Amino acid sequence: MSDRRPNIVFMLSDDHAAHAIGTYGSVVNRTPHIDAVAAAGVRLDNLFATNSLCAPSRASILTGTYSHVNGVTTLDTFIDASQPTFVTALREAGYRTAFVGKWHMGQGSSGGIDHDPQGFDRWDALIDQGEYHDPRFLSADGLRVEPGYATDLITDLAIDWVESLDEGDHDGDGDGDGDGDGDGEKPPWCVLVWHKAPHRPWEPDAAHAGMYAEGGPAGSMPIPVPATFTDDLAGRSDTARRAAMRIADHLTEEDLKQPVPPGLSADEEALWKYQRYMEDYLACVASVDDNVGRLTSWLADRGELDDTIVVYSSDQGFFLGDHGWFDKRFMYEESIRMPFVLSYPRAVAAGQALDRIVTNVDIAATLLDAAGVDVPERMQGRSFWGDLTDPAGAQRDREREGFYYRYWMHDDRSHQVGAHYGYRTHRYTLIFFYNDGLGLPGCSDRRFAQEWELYDLEADPEELVNVADDPSYAEVRDELEARMWLAQQEVGDDPHPDQPVPRLITDAGSVS
């Protein structure tokens, strides 16, 4: 095996649910190019967002830290871009680095803090959420409009940057190889290809528009409706029922691109809205998938596919009509589960599936480990690279695996999801809705009653029945409350002031 350091292509989409990817068992669409990356390497089945929201997840991916450490807790708390990231560590180790696409963690500066990308030799960032058509890009050279479709353009710019590295001396040592030492070996590179799609308002390009409509190339029949589409949420908390994410009630004419046909019953209207929403959402996904294929084919044509870590992921999951919802935010399965597939033929065997629990906070340490670069002490994640390169040697205790989650953006104007934190193991999800914005930007000042939810994912994989107050689950709840408390302490977060100390923690005398 070559001892050269791998190149890295990290493709990240926005709001791409794992259950809209073929290798994860999608029944609504096809994603042959993403599936091919998984087939050539590994698919992670239990990689979760620790705060299911675009900007906070992206900050955690970059910095390898939880939201309360990197400072990006809501959509209105912008990143201090000077903090260490896996990209700055790669660059310090000799990598050439670039960012293209959706940044969405602030722009310019505020309060003396810079928000634009740092640690990149080249960066091209969409403005805020970005536009699908003729998007604006901000770079160190200023603001410009790029004619075309965002997903294609982001791929074009990434390819152009890598190819520019072939065009001469990039290090100033005069030998024309760009490596800085005159030995003819070019330095490795890392490019982040971070898409806007398939984020709301789901505007497909001409090549894919109508692809999943009835009668379209992939739309011979209506898109399957989730089994929980008509869930009345009776088995959940009041917090869940307050959320403004119902397909039937909260999708707009801008989302649907046309008015609702007259004469439909309430149930018929909900189904019509679902079909329209999904047609455009899946068409945007199809464009992303085609561009994954463009990048992998381009790498193969360059002869660099075996020398490149190729990652495809999304910043969180998404509700695709599950429980009648769209969007994310909640600590429920469809929202927190991130797709993550990776190929690197030189070190990662093909056709793997990894089921251990890992999170977006772990991605930074993993990529640094893969590149042979020391992980900065500040990073809180752990590398799962060894699990990918030596799966037979991966040691784990499934009964003790779990992760801590926190959603901070309480009762925002658009979706009105209550602030909460929780703990998830392979079998259970425990959630505490503390329902308090704590004065954070983007949160309302309304407070609601605190509530608990507990789901047994083995008996109830669709999370329909809250058993938090079921006496038969009292011991389970006690244990999970204690584990959540300890996990919260371990990552340096603070419980809400009104949360009681778990009984098992008090009994053990381990309150700090």
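So, here is what we can say about the structure in this document. (Residues numbered from 1 in each chain as written. Predicted model: local features only at pLDDT ≥ 70, side-chain atom pairs only at ≥ 80, totals over all residues. Heavy atoms only, no water.)

With that settled, the discussion passes to the overall build of the protein chain. Each helix and strand in the protein chain was counted, giving 14 helices and 18 strands. Referenced to the eigenvectors of the C-alpha coordinate spread, the extents of the protein chain come out at roughly 70 × 65 × 50 Å. Put simply, the protein chain has 512 residues, and 58% of those count as buried. A fraction of 69% describes how many contacts in the protein chain between residues 6 or more apart in sequence connect residues 24 or more apart. When the accessible surface of the protein chain is split by element, carbon and sulfur atoms take 48% of a total near 19400 Å². (Helix = DSSP H or I, 4+ residues; strand = E, 2+ residues; numbered from the N terminus. Buried < 20%, exposed > 50% of the residue type's maximum accessible area, 1.4 Å probe, protein only. Contact = heavy atoms within 4.5 Å. Areas by Shrake-Rupley, 256 points an atom, 1.4 Å probe, with all protein chains shown as cover.)

The biggest cluster of nonpolar side chains holds 57 residues, and the ones touching the most others in it are Trp-189, Val-191, Tyr-277 and Tyr-281. When residues of this core are traced back to their parent elements, those giving at least two are strand E1 (7–13), helix H1 (32–40), strand E4 (96–101), helix H5 (150–164), strand E10 (189–194), helix H9 (266–302) and strand E11 (308–314). No other element matches the 15 residues that H9 contributes to this core. Counting residues in hydrophobic clusters, the runner-up holds 50 residues, among them Phe-120, Ile-309, Ile-363 and Val-373. (Core = buried A, V, L, I, M, F, W, Y, C linked by side-chain atoms within 4.5 Å.)

All right, on to the sheet that holds E4 then. Spatially, E9-E8-E7-E4-E10-E1-E11-E12-E2-E13 is the arrangement adopted by the ten strands of the open sheet, whose pairing is mixed. The outermost strands of the open sheet, each flanked by one partner alone, are strand E9 (142–145) and strand E13 (352–354). With strand direction ignored, the average angle separating the axes of adjacent strands in the sheet is 15 degrees. Bridge count for E4 against E10 is six bridges, and the pairing is parallel. Opposite Val-100, over in E10, you have Val-193 as the bridge partner. (Pairing = 2+ DSSP bridges. Axes fitted to C-alpha atoms, helices over the stretch in contact; angles between N-to-C directions.)

Right, let's talk about the side chain of Asp-493 for a bit. Structurally, Asp-493 can be placed in the loop between helix H13 (474–491) and helix H14 (503–508). We classify Asp-493 as buried; its relative accessible area is 7%. Within the local environment of Asp-493, its side chain forms a polar contact with the side chain of Tyr-404, the two groups lying 2.7 Å apart. (Polar contact = N/O pair within 3.5 Å; in protein donor to acceptor, adjacent residues only side chain to side chain.)

Moving on, we come to the packing of aromatic side chains. Summed over the entire model, instances satisfying the criterion amount to 27 aromatic pairs. Plain terms: the ring middles of Phe-99 and Trp-194 are 5.6 Å apart, the flat faces sit at 80 degrees to each other, and that makes the pair edge-to-face. Taken as a pair, Phe-99 in strand E4 and Trp-194 in strand E10 lie far apart in primary sequence, 95 residues in all. Assigned by exposure class, Phe-99 and Trp-194 land together as buried. Consider the rings of Trp-202 and Tyr-277, whose centres lie 4.7 Å apart with planes at 55 degrees: the pair is tilted. Pair noted here: Trp-202 is in the loop between E10 and helix H6 (238–242) and Tyr-277 is in helix H9, with a separation of 75 residues, a long-range link. Comparing Trp-202 with Tyr-277, the two get one shared label, buried. Every member of this aromatic cluster is reached through a ring pair, and the members are Phe-10, Phe-86, Phe-99, Trp-103, Phe-120 and Trp-194. (Phe/Tyr/Trp six-rings, centres within 6.5 Å; stacked < 30°, edge-to-face > 60°.)

What follows covers the packing of H1 against H9. Across the interface, H1 lies against H9 with an axial gap of 7 Å and an inter-helix angle of 50 degrees. Judged on the interaxial angle alone, H9 and H1 are oblique. Mapping the contact onto sequence places Pro-32, His-33, Ile-34 and Val-37 in H1 and Asp-289, Asp-290, Val-292, Gly-293 and Thr-296 in H9. Tallied by class, the residues present in the contact of H1 with H9 amount to four nonpolar, three polar and two charged. (Parallel < 35°, antiparallel > 145°, perpendicular 65-115°, else oblique. Nonpolar A, V, L, I, M, F, W, Y, C, P; charged D, E, K, R; others polar.)

With that settled, the discussion passes to the sheet that holds strand E17 (residues 428–433). The strand order E15-E16-E17-E18 describes an open sheet built from four strands, whose pairing is antiparallel. The outermost strands of the open sheet, each flanked by one partner alone, are strand E15 (402–407) and strand E18 (451–456). Going across the sheet, the axis of each strand differs from the next one's by a mean of 10 degrees, ignoring polarity. With six bridges connecting them, E15 and strand E16 (residues 420–425) associate as antiparallel partners. Directly across from Phe-403, in E16, lies its bridge partner Arg-424. In the packing of H13 onto the sheet, contacts are made with E15, E16, E17 and E18, and the angle to E16 comes to roughly 110 degrees.

Further remarks concern the environment of Asp-355. When you line up the elements, Asp-355 lands in the loop between E13 and strand E14 (358–359). As for Asp-355 and Arg-398, which are separated by 43 residues in sequence, their C-alpha atoms are 9.6 Å apart. Beyond its immediate stretch of four places on either side in the chain, Asp-355 contacts Asp-45, Asn-46, Arg-396, Arg-398 and His-426.

Moving on to H13. With 18 residues, H13 extends 26 Å from end C-alpha to end C-alpha; this agrees with the ideal 26 Å at 1.5 Å per step. Among the structural elements, helix H3 (67–70), E15, E16, E17, E18 and H14 are those in contact with the buried residues of H13. Just beyond H13, the residue with positive phi is Gly-492, at close to 85 degrees. (Expected span 1.5 Å × (residues − 1).)

Take the environment of Arg-96 next. Looking at where Arg-96 falls in the secondary structure, it is placed in strand E4. One polar contact links Arg-96 to Asp-121, side chain to side chain, over a distance of 3.3 Å.

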